[in-house]
Amino acid sequence: PAVGATRSRVTPTMVAVAPNQMGLAHSTELAPEDAWVKEVDLDAFQKDVMALGRRLKAEQGEEDVAHLNKIVGWSNACGIVGVLSCAFPLNPVTVLALSTWTFSRWTMIAHHTCHSGYNDQDPERFNSRIFAVGSPVRRVRDWFDWMLPEAWNVEHNNLHHYRLGEVEDPDLVER
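(A) Local environment of the overall build of the protein. In terms of helices and strands, the protein carries 5 helices and 0 strands. The order of helices and strands in the protein, counted from the N terminus, is α-α-α-α-α. Accessible area of the protein: about 12500 Å², with a carbon and sulfur share of 64%.

What follows is the structure, given as structure tokens:
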């Protein structure tokens, strides 16, 4: 389809599809700098990635939870400093504190939580199924931001990750 045209929804069980399966025109010739792709052993790569995932999951523990709580504490401290310093004229402390608070909430806490990265570490607080949902208290405590976590899960986990680098990728900055 043409750029901007709608197409049928990719089923969630598909991680990637070849362009011809999506009805897009494509070339079978690779650019010289991409020739290495022909030699990749995808089965071995998958095996290596799965083994790495199992190893990293087995290594997680209380130390990781303590580190996450420390990051949350520093993030909250930035939020408090930023909000309280709003009482003063525009200053770099307010800007830096509020931007660090927002950025750390998105990139270090919400992003990994919504990808189920902490589900086994602290299932009562940092679980993708309950993070920032269920009550106004959870919403403010976990993710005090303009975007709903449910909407982010659809936009990022489905629209972005299933269309990485494609024209339909909502996070594509080259547009």
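(B) Spatial organisation of unusual backbone geometry. A positive phi is found at S116, a non-glycine position, where the angle reads about 70°. Position of S116 among the secondary structure elements: in the loop between helix 3 (92-114) and helix 4 (136-142). Positive phi is not limited to glycine here, since A132 has a value of about 65°. Counting through the fold element by element, A132 comes out in the loop between helix 3 and helix 4. A relative accessible area of 2% means that A132 is categorised as buried.

(C) Spotlight on the environment of A132. Put simply, A132 and F144 are 12 residues apart on the chain and 8.4 Å apart in space, counted from C-alpha to C-alpha. Once residues within four sequence positions are removed from consideration, A132 is found in contact with R138, R139, D142, W143 and P149.

(D) Spotlight on the pattern of salt bridges. Summed over all chains, the structure comprises 5 salt bridges. Across the pair E59 and R55 runs a salt bridge whose closest N-O atoms are separated by 3.1 Å. Pair noted here: E59 and R55 are both in helix 1 (residues 42-59), with a separation of 4 residues, about one helical turn. A residue is classified by how much of its surface remains accessible, and E59, at 53% relative accessible area, is exposed. If you follow the salt bridges from partner to partner, you end up with R125, R138, R141 and D142 in one network.

(E) Inspection of the confidence of the model for the protein at higher detail. Confidence in the prediction for the protein averages 83 pLDDT; 84% of positions are at 70 or higher. Of the regions scoring below 50 in pLDDT, residues 1-22 engages in 20 contacts with residues more than four places distant in sequence or in other chains.

(F) Representation of the nonpolar core within the structure. Among the nonpolar cores identified, the biggest contains 12 residues, and these are L68, V72, I109, A110, C114, Y118, F126, F131, A132, W143, M147 and W152. Those elements that provide at least two residues to this core are helix 2 (62-84) and helix 3. When residues of this core are assigned to their parent elements, the largest contribution, 3 residues, is made by helix 3. Among residues more than four places away in sequence, those in contact with W143 are W106, A110, C114, F131, A132, R138, P149 and W152.

(G) Local environment of the side chain of T113. Within the secondary structure, T113 sits in helix 3. Setting aside chain neighbours within four positions, we find T113 in contact with Y118, N119, F126, N127, S128 and F131.

Conventions adopted
- Residues numbered from 1 in each chain as written.
- Predicted model: local features only at pLDDT ≥ 70, side-chain atom pairs only at ≥ 80, totals over all residues.
- Heavy atoms only, no water.
- Helix = DSSP H or I, 4+ residues; strand = E, 2+ residues; numbered from the N terminus.
- Areas by Shrake-Rupley, 256 points an atom, 1.4 Å probe, with all protein chains shown as cover.
- Buried < 20%, exposed > 50% of the residue type's maximum accessible area, 1.4 Å probe, protein only.
- Contact = heavy atoms within 4.5 Å.
- Salt bridge = Lys/Arg side-chain N within 4 Å of Asp/Glu carboxyl O.
- pLDDT = per-residue confidence, 0-100.
- Core = buried A, V, L, I, M, F, W, Y, C linked by side-chain atoms within 4.5 Å.

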